[in-house]
Amino acid sequence: MTSIKWVVTLAAFAIAGTSAASAQGTLRIGMTASDIPLTTGQTDQGGEGMRFMGYTVYDGLINWDLSSFDKPSDIVPGLATSYGADPTDPARTRWIFKIREGVKFHDGSEFDAEAAVWNFDKLLKTDSPQYDQRQSAQGRSRIPSVASYKAVDKYTFEIITKSPDATLPYQLAWIMMSSPAQWEKLGKSWDAFAKTPSGTGPWKLTLFAPRERAEMVPNKDYWDKTRVPKLDKLVLLPLPEPNARVAALRAGQVDWIEAPAPDAVASLKSAGFKIVINAYPHNWTWHLSRAEGSPWNDIRVRKAANLAVDREGMKELLSGLMIPAEGFMPPGHQWFGKPTFTLKYDPTEAKKLLREAGYGPDKPLTLKALISPSGSGQMQPLPMNEFIQQNLAEVGIKVDFEVVEWNQLINLWRAGATDPSAKGGQSLNFTYFIQVPFTAFIRHMQCNLKAPTGTNWGHYCDPDMDRLLDQVRNAFDPEQQTAVLQKVHEKFVNDALFLMVTHDVNARALSPKVKNFVQAKNWFQDFSPITMGD
């Protein structure tokens, strides 16, 4: 924990240096991350990294529509004005993207199809000069369907998928485009590029101080004139400890904090701060190891753990800032289907199932869980995990924690449950962006995506699930795809494939000076419309 305290101290020092200089039109945000997200294009620090350093400085071929607070977010054309599977291709593996003409990187160079090829090479082609292991670690697993790609002409880009995959556009919304010209200009060094990056996004990075702060100013020449930022400056500050974030907001050192401490919500409201929430496709789970020898391979153990969790009690712990899980997807979601296993609080039934599985007072079940003290979407991981630890202990499951920093936990997630770095942990507390078929289901459960090849952390493998996931990829008709996804979700719940605990409400606390923020039903948000008032 020493390193975490050191980070908080540095962040507090950085904030102290900004309070006197804060000006009209400057928005200062206290993040949950302990460091500034990677600035080169493919960010680290999970979804929070993409929120603050991905869709600000960069664009993808496909972007997210973040303009509405009441409609579900969906993808929209970004650096590609149109895209789709080639209707003349009988194999349905050829996709064509028409590149938006006239788009400039922040350094003034033009984005075209060759620049798109260069950016895919930086992630996928290990012998390319621009290949970057750090960015590849973040981006390669996002696009497992891509087999090949090329520039057909200056403004036409082609992707061939390994097999038919109707989910490809959602995968590509994760891939950010960096400037080849800027990389060349800076001596072909990604370290140099990190200090003065160049994307096509609505914000330009002007200051990068690792573990302390980042500053951005509007890109006045942004191609989408409706999203040219109205603020003078956007400042990011790492503050991983919830009470430190609240203290900074109360002191006027920041104007916005992610994930306020639940026990501070009432007093923040009474002091005039705004608590902004919205349901969005996100869940808070324990990802369960299905490696050989894991006790989670027994469905009775998995169901017992799910029945042991008092979700309404946790909601009280979080001052109401959660939606109790009824499945992997939130209640009422179009993919929910009709599962037969009910996620309820039933410790008596949980004990019964554990006895049937061979556990009891003379043979207690002892588990290790990998958790983080903070991080993107992790909500309040320490008190929440301690609450679960107590719930499980009450039915006869003893849990020990291995606490690691959030970015390290992401690395452990990518390495997989069988990797030595997991230190024998059979559970990993991880929050998931579940808005699209690939990130919601496929990446967790497909056999050939077992970590480290993909992000199937638990090494789950079930031929019946694989058949369903293949049907999802081949369902180009939306209604047909929804019907298959409902079957997938039913299997998630009925087989108790995760410890399903809650869905976040994306809580953040804002100074009353923050105006015109529209909280989208999305992990990501648009900072362009925001202004600062009195």
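Note that this is a predicted model, so its numbers are computed, not measured. (Residues numbered from 1 in each chain as written. Predicted model: local features only at pLDDT ≥ 70, side-chain atom pairs only at ≥ 80, totals over all residues. Heavy atoms only, no water.)

With that out of the way, let us pick up the sheet that holds strand β15 (residues 365-371). With mixed pairing, the 6 strands of this open sheet are ordered in space as β14-β18-β13-β17-β15-β16. Edge positions in the sheet fall to β14 (323-324) and β16 (397-403), since each has one partner strand and no second. Here strand β13 (residues 282-288) pairs with strand β18 (residues 498-503) via 4 bridges, running antiparallel. Opposite H287, over in β18, you have F498 as the bridge partner. Where helix α14 (residues 406-415) meets the sheet, its contacts fall on β13, β15 and β17 (427-433), and the angle it forms with β17 comes to roughly 100°. (Pairing = 2+ DSSP bridges. Helix = DSSP H or I, 4+ residues; strand = E, 2+ residues; numbered from the N terminus. Contact = heavy atoms within 4.5 Å. Axes fitted to C-alpha atoms, helices over the stretch in contact; angles between N-to-C directions.)

As enumerated under the stated definition, the model contains 1 disulfide in all. Paired by a disulfide, C447 and C461 hold their sulfur atoms 1.8 Å apart. With the S-S bond torsion at 105°, the cross-link from C447 to C461 turns out right-handed. With C447 in the loop between α15 (437-445) and α16 (463-473) and C461 in the loop between α15 and α16, the pair connects residues that are 14 residues apart, well separated along the chain. (Disulfide = S-S within 2.5 Å.)

A few words now on the side chain of R142. Within the fold, R142 resides in the loop between α4 (133-139) and β6 (146-153). D44 provides the closest opposite charge to the buried, unpaired R142, separated from it by 11 Å. For R142, the contacting residues outside a window of four places in its chain are Q171, W174, I175, F438, T439 and R443. (Buried < 20%, exposed > 50% of the residue type's maximum accessible area, 1.4 Å probe, protein only. Lys, Arg positive; Asp, Glu negative; His and termini not counted. Salt bridge = Lys/Arg side-chain N within 4 Å of Asp/Glu carboxyl O.)

Okay, the pairing of strand β9 (residues 213-218) next. When you tally the buried positions in β9, you get 5 out of 6 residues, the bulk of the element. For strand β8 (residues 203-209) and β9, the ladder comprises 6 bridges, and the chain directions are antiparallel. When the sheet's bridge partners are listed, A209 is paired in β9 with R213. Count of turn residues in the β8/β9 antiparallel hairpin: 3 residues, of which R211 carries a positive phi of about 65°. Sheet topology places β9 next to strand β10 (residues 233-238); 3 bridges connect them, and they run antiparallel. By the bridge assignment for β10, A214 is matched with L236.

Quick look at the nonpolar core now. W286, F441 and F492 are the most contacted members of the largest nonpolar core, which totals 73 residues. Residue contacts for F492: discarding those within four places in its chain leaves F328, A440, F441, M445, M465, L497, F498 and M500. F97, F120, M176 and V276 belong to the second largest nonpolar core, which has 67 residues in total. (Core = buried A, V, L, I, M, F, W, Y, C linked by side-chain atoms within 4.5 Å.)

Further remarks concern the packing of aromatic side chains. Under the definition given, this model contains 32 aromatic pairs. Consider the rings of F120 and F157, whose centres lie 5.3 Å apart with planes at 40°: the pair is tilted. Linking F120 in helix α3 (residues 113-124) with F157 in strand β7 (residues 156-161), this pair joins segments that are 37 residues apart in sequence. With centroids separated by 6.4 Å and ring planes inclined at 80°, the aromatic side chains of Y280 and W523 adopt a geometry described as edge-to-face. Of the two residues, Y280 is situated in the loop between β12 (274-276) and β13 and W523 in the loop between β20 (514-515) and β21 (531-532); the sequence distance between them amounts to 243 residues. On the basis of relative accessibility, which here comes to 5%, the residue Y280 falls in the buried class. One residue, K303, lies across the ring of F341, its end atom 4.9 Å from the ring centre. Between the NZ or CZ atom of K363 and the centre of the ring of Y359, over which it lies, the distance is 5.2 Å. (Phe/Tyr/Trp six-rings, centres within 6.5 Å; stacked < 30°, edge-to-face > 60°. Lys NZ or Arg CZ within 6 Å of the ring centre and 35° of its normal.)

Next up on the list: helix α8 (residues 242-250). Regarding α8, the residues found buried are P242, R245, V246, A248 and L249. Burial along α8 is one-sided: seen end-on, the buried residues are contained in an arc of 160°. N-capping of α8 is provided by E241, with a side-chain oxygen placed 3.1 Å from the backbone N of N243. Positioned one or two residues after α8, G252 has a phi angle of 75°, which is positive. (Arc of directions from axis to C-beta. Polar contact = N/O pair within 3.5 Å; in protein donor to acceptor, adjacent residues only side chain to side chain.)

If pLDDT is low for a region, its predicted coordinates should not be looked at in detail. Averaged over every residue, the pLDDT of the chain is 93; residues scoring 70 or more account for 96%. Within the model, pLDDT remains below 50 along residues 1-23, and this stretch shows 27 contacts once partners closer than five positions in the same chain are excluded. (pLDDT = per-residue confidence, 0-100.)

Looking now at the environment of F111. Take F111: it is sitting in the loop between β5 (94-99) and α3. F111 sits 100 residues away from R211 along the chain, and the two C-alpha atoms are 31 Å apart. Not counting residues up to four positions away in its chain, the partners in contact with F111 are L61, L79, I99, R100, V103, F105, A116, M177 and T200.

Now for the pairing of strand β1 (residues 26-31). Counted residue by residue, β1 has 6 buried out of 6 residues, so it is predominantly covered. Across 2 bridges, β1 lies against strand β11 (residues 256-258) in parallel orientation. Along β11, the bridge assignment pairs G30 with I257.

Quick look at the pattern of salt bridges now. Evaluated as defined, the whole model comprises 22 salt bridges. Salt-bridge contacts for E215 lead to K233; the nearest nitrogen and oxygen are separated by 3.4 Å. Of the two residues, E215 is situated in strand β9 and K233 in strand β10; the sequence distance between them amounts to 18 residues. With a relative accessible area of 11%, E215 lands in the buried category. Owing to a relative accessible area of 28%, K233 belongs among the partly exposed residues under this scheme. The salt bridge involving E356 is made with K352; its shortest N-O contact spans 2.8 Å. Taken together, the positions of E356 and K352, both in helix α12 (residues 347-356) and 4 residues apart, correspond to about one turn of that helix. Residue class for E356 comes out partly exposed when judged on its relative accessible area of 41%. What makes K352 partly exposed here is its relative accessible area of 35%.

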